[in-house]
Every structure is written in C-alpha cells, then in structure tokens.
Amino acid sequence: MTFLQDLTASLGRLTGERRATIDTPTAAPSPLRPIDLTDDAVVAEVLDLAVRAGEVLLASGTSAIDTAAQIEYIAATYGLARCDVDVTYNSITISAHRGPTRPPSTTMRIVRYRSMDYARLAAVDRLIRGVRRHMIPPWKALATLESITTAPHPYNRWTATLAWSGMAASVGVLVGGGLLVAVVSFLTTMVIDRLGRVLNRAGLPFFFQQFVGGFVAATPAITLFNFQDQLNISISPSLVIAAGVTVLLSGLSLVGSVQDAITGAPITASARFFEVLMMTGGIIGGVATSLKMAAIIGYDLPLISNSPPPDIAEVPTKVLAGAMASLFYGLACYAERRALTAAFFGGFAGALVYLLVQTLSTGPVIASAFAATVVGFAGGLMARRALIPPLIVAVAGITPLLPGYSLYRGLYAIINDQLLIGISALFAAFGIGVALAAGVTLGEWGARTLRRPRILARTEELLRPTLRRREEPRRPPVRRRRGPVELKKKVELRKKN
C-alpha cells in the first residue's frame, strides 16, 4: 500500500495544477516595480536579458513562436509591454516602444550554436519563473543567466557517451532485437559518439560527422553478419543499423521544425527542416557508402521484409525498452534527475500506445501519430508543476520511435535496384517523422487547453497582481472578572442614576 501511495504522490507532483512557463505568456501582468523607461541603460539591460534567455530556448529546439512569447513576457514583466519580437532560425530581434516622445530601443542577437543541454534549459526556465514571481532586478537576473550559460555540464562526457550507447541498445530491443543486437548497438554507438567528439573538436562540419556516424553504424553489423558462421552467432544487421541511425536522428530538431510550420513561422520552419534533411542525407550517405563497399568486397546482406505487427507477448519487454531509451536520451542530453523520471514515463506511454495501435495493423504512421499525441499531452501535464519544460518530455518520449528502420529499409532497397520499395519506405520514414512532430504539437495544445485556469477562460488575460494587507484573525473578546471593589463602585453608580 505504501508503494502505491508513493507512486500516486509522485504522479501528482508531475501532473499538478501549476502551469509551465511556456504556457503562461497569454498576457503579461502589469509589473509591481516597473523600470524607468527614460533610462536607456536599464532598458538595454532588460532587452539584453530577454534576448539572451531566448537564445538558450531557441538553441535547445524550442519553437520560434514559443521563444518569441517568452521574450515578450520577460520584457513586459519589467514594464516594456509594447515589444515587437522577430525570431528566425539563427537570430532574435526585439524592439521596445517607450512612448510617443521617445525613440524605440532595439536589440539583436545571433544564435551561433545548437545545444543538447536540458539542464541549462530547465535552469533558464526557473530563472524566467523567478523573474515573474519575485521581480528579480535586471542586473541580478543577467548575472544568474551568465552563470547558467557558462556552468559545466552536470555529468561528465563519459556519462553522456554511455547514455547514448544505452539508448542504442534499448532501441535495438524495441525494434525486435535480442541481447546480441543490444550489445553490438551499444558498442557501435560508443565508437560513434567518441569519434564524433574528436571530429567536432577538429572543426569538421556536422554534415560530415553524420556521414561518418552512418558509416560506422553500418560497418560492424555487416562484418559480423558475414562472419557469423565462423563466430557461431546469429545476428540481424538491419536492427543494429536501425538502432544506430535512430541515435543519429535523435539530435536533429525535427519537432521544432514541424511546430514552427504548424504554428505560423514558415521561414524558421523551412530553415530547420532543410537542416534536418541535410543531416539525414549525411547519415544516408554514410550507410550507403558502407553498403556499397560491402558489395564490392563480396559481402552479402539478408533481404529486408516487412516487419509484422508485434506479438502481444513482446509488448511488455518493448515498452520497457522504449521507456529506457527515453531515459537514456534525457541522460545523454544532461537532463536533471526529476526530468529523467518524467522522460521515463513519457517514453513508457509513447511505446505502449505505439505497440498497442500497431497490433491493430494500422501501420507505423498512424501508430506514431497516436503515440506522439499521448507523449505531447503527458509532457504538457507533467510540466504543469513547472518541474521541467514540456520540450524535454516530448522529444525524449518520441525519440525511440524515430524512423531509423524505415530509413535503412528504403536505402537498402534503392541500392539493390528496388526503386518502388525503396521510395515507398523513404516516404514512410518521412511520414513517420512528420506524424511524430505533429502529434507532439497536438498533444501539447490539448494539455494547455485542459489546464487553463478559470480566470483565463473568462477574461483571456491574467489579472494585474495587487498587494493586499494580510488580515490577522480576530481574537474573541476576553471578559475580565471584576473584584469586590469594582462591583461596589458599579452598585453606587446605579444608585446615583
């Protein structure tokens, strides 16, 4: 009974009534202590705080619309209620109107990096919440933000490498592999990650890093398959390659690109989606090079057939594998401990729904859409307690479902002159990716709509915060007991009257 109570309490803390900061900026409240709008230095300080916080959000994969809303809300909290914010793929521009007699103040910042540090994202989320609730002075908030962005990762590099490897092993089990597939996927991904870090320090463009990763993901699987008789093993190379490709796909901003396209930021969506296509092309090129080299040498690979719907007996193992893959992804992205718990539950829900829908023979695209909607909805609910941004749960939850197997199947068919099968599989992979991102967006919208406070449902805006004097509880009157002298005086007074 105690375990059930603890589990219920934990879920209650994750799905509470408080709203995530990304859901709050419906309308900014009037500040209690607004800044002096005639002081250029203070106004510039506030705008710098807003764009630097937006830089962390945009670099972490947050959609352009949500990033702009957060920037506007930070500025409005200090009194800059009329701001025009323009967020593109790699730049943030904000212009604050200070009245009819003063010129507007404008600040621009270029986002030169892409971050996979979810601990930093959560820390900025807490800072924004502190700015709203406690009216932190701009100089102090800037100092806190500087310490957040310059702080080291909460885990060391080898922890992240082992997490990526653990994710690959879990994905290998999720797609139908056994212990050998999990071990080979683990070791292959470890090599990919460490080699990628060396190439990144050397300044090699990310496209070629993805190319090298795709080549490394395919080569060990092909080699083991052709020497399995001598090694007395049995292995499915397609599952190992699919696990490695899924890990390589997980670092791409697929969710952010589709969210931008759906929510009305087509320029940023086009840039992000083109980046996803280019990086995916690097993975395809690496895998294709490995397959061609194997064909030249004379190595054979088994034909890839359509995977049947999962057996109901395999569902518990695969669901656990999907949950662990999400947890390892969060760990690899340096998420905090409480975020890891939320990522585990998100991956568990997504894998469970995906496999159950798959048993109905609906196809991977529809199953992915249903699963991603559940993950987005669950992520929105878990963020209601303001523990973590919803993006962490959403991306971690759908990562095990990325179309690594369909991508490899289509590529293999094209290389073997099966153009119709190959193109169909590649379009299926594209459909799965879009379904995952669109489902997450729909689920998050549903969570925001469900958890809207009553005051927002009536007025569409937040009430202005007011200061109220705390009323002390009224004490009951104490009746004093009169002595004999007081009673005598009272009787004499009555006689006189």
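Because the structure is predicted, anything quoted here is derived from the model rather than measured.

Chemist: Got a sec to walk through the overall build of the chain? Specific residues and values, please.
Modeler: Looking only at helices and strands, one finds 20 helices and three strands in the chain. Out of the 497 residues belonging to the chain, those deemed buried represent 49%. Taking as baseline every contact in the chain between residues at least 6 positions apart, the subset at least 24 positions apart corresponds to 76%. Accessible area for the chain stands at about 25300 Å²; split by element, carbon and sulfur atoms hold 62% of it.

Chemist: Break down the packing of aromatic side chains for me, with residues and values.
Modeler: What the rule picks out here adds up to seven aromatic pairs. Taken together through their ring pairs, the aromatic side chains of Tyr-118, Trp-164 and Tyr-329 make up a single cluster. Over the face of the ring belonging to Trp-158 we find Arg-194, whose NZ or CZ atom lies 4.3 Å from the ring centre.

Chemist: If you had to explain the pattern of salt bridges to someone new, which residues and values would you point to?
Modeler: Tallied over the full model, the rule gives 10 salt bridges. Among the ionic pairs, Asp-48 bridges to Arg-52, the shortest N-O distance being 4.0 Å. Of this pair, Asp-48 and Arg-52 are both found in helix H2 (residues 40–59), four residues apart, which corresponds to roughly one turn of the helix. Among the residues examined, Arg-52 registers a relative accessible area of 16% and is labelled buried. Arg-52 is the salt-bridge partner of Glu-146, the closest N and O atoms lying 2.4 Å from each other. Linking Glu-146 in helix H5 (residues 138–150) with Arg-52 in helix H2, this pair joins segments that are 94 residues apart in sequence. A cluster of three or more residues bridged by salt bridges with shared partners is formed by Asp-40, Arg-98 and Arg-102.

Chemist: Pulling in residues and values, what's your account of the environment of Asp-40?
Modeler: Of note, Asp-40 is situated in helix H2. By relative accessible area, which is 44% here, Asp-40 ends up partly exposed. In sequence terms Asp-40 and Ser-105 are 65 residues apart; their C-alpha atoms lie 8.0 Å from each other. The residues contacting Asp-40, other than those within four sequence positions of it, are Arg-98 and Arg-102.

Chemist: Can you explain empty space enclosed by the protein? Please cite residues and give values.
Modeler: Taken as a whole and judged by the stated rule, the model has two cavities of 30 Å³ or more. Roughly 40 Å³ of volume is contained in the second largest cavity. Every residue along the wall of the second largest cavity is listed here: Val-245, Ile-283, Ile-284, Val-287, Leu-407, Tyr-408 and Leu-411. Elements with a contribution of two residues or more to the lining of the second largest cavity: helix H12 (266–297) and helix H17 (404–415). Here the lining of the second largest cavity is composed, by residue class, of seven nonpolar, no polar and no charged.

Chemist: Would you mind going over the environment of Glu-314 in detail, with residue names and values included?
Modeler: Here Glu-314 is to be found in the loop between H12 and helix H13 (315–332). Sequence separation between Glu-314 and Gly-176 is 138 residues, and the spatial gap between their C-alpha atoms is 8.8 Å.

Chemist: For the side chain of Arg-52, give the residues involved together with the corresponding values.
Modeler: Among the polar contacts made by the side chain of Arg-52, one reaches the side chain of Glu-146 at a distance of 2.4 Å. The contacts of Arg-52, once residues within four sequence positions are left out, are Arg-109, Leu-142, Leu-145, Glu-146 and Thr-149.

Chemist: Got a sec to walk through a nonpolar patch on the surface? Specific residues and values, please.
Modeler: A cluster of nonpolar side chains, Leu-419, Ile-423, Phe-427 and Phe-430, forms an exposed patch at the surface whose accessible area comes to about 430 Å². Looking at the secondary structure, you find Ile-423 in helix H18 (residues 419–450).

What counts and how
- Residues numbered from 1 in each chain as written.
- Predicted model: local features only at pLDDT ≥ 70, side-chain atom pairs only at ≥ 80, totals over all residues.
- Heavy atoms only, no water.
- Helix = DSSP H or I, 4+ residues; strand = E, 2+ residues; numbered from the N terminus.
- Buried < 20%, exposed > 50% of the residue type's maximum accessible area, 1.4 Å probe, protein only.
- Contact = heavy atoms within 4.5 Å.
- Areas by Shrake-Rupley, 256 points an atom, 1.4 Å probe, with all protein chains shown as cover.
- Phe/Tyr/Trp six-rings, centres within 6.5 Å; stacked < 30°, edge-to-face > 60°.
- Lys NZ or Arg CZ within 6 Å of the ring centre and 35° of its normal.
- Salt bridge = Lys/Arg side-chain N within 4 Å of Asp/Glu carboxyl O.
- 1 Å grid on protein atoms, 1.4 Å probe; cavity = no way out; pocket = protein on both sides within 12 Å on 5 of 7 lines; lining within 4 Å.
- Points joined across faces, edges and corners; volume = space filled by probe spheres on them.
- Nonpolar A, V, L, I, M, F, W, Y, C, P; charged D, E, K, R; others polar.
- Polar contact = N/O pair within 3.5 Å; in protein donor to acceptor, adjacent residues only side chain to side chain.
- Patch = residues over 30% accessible without salt bridge, like charges linked within 9 Å, V, L, I, M, F, W, Y side chains within 5 Å.

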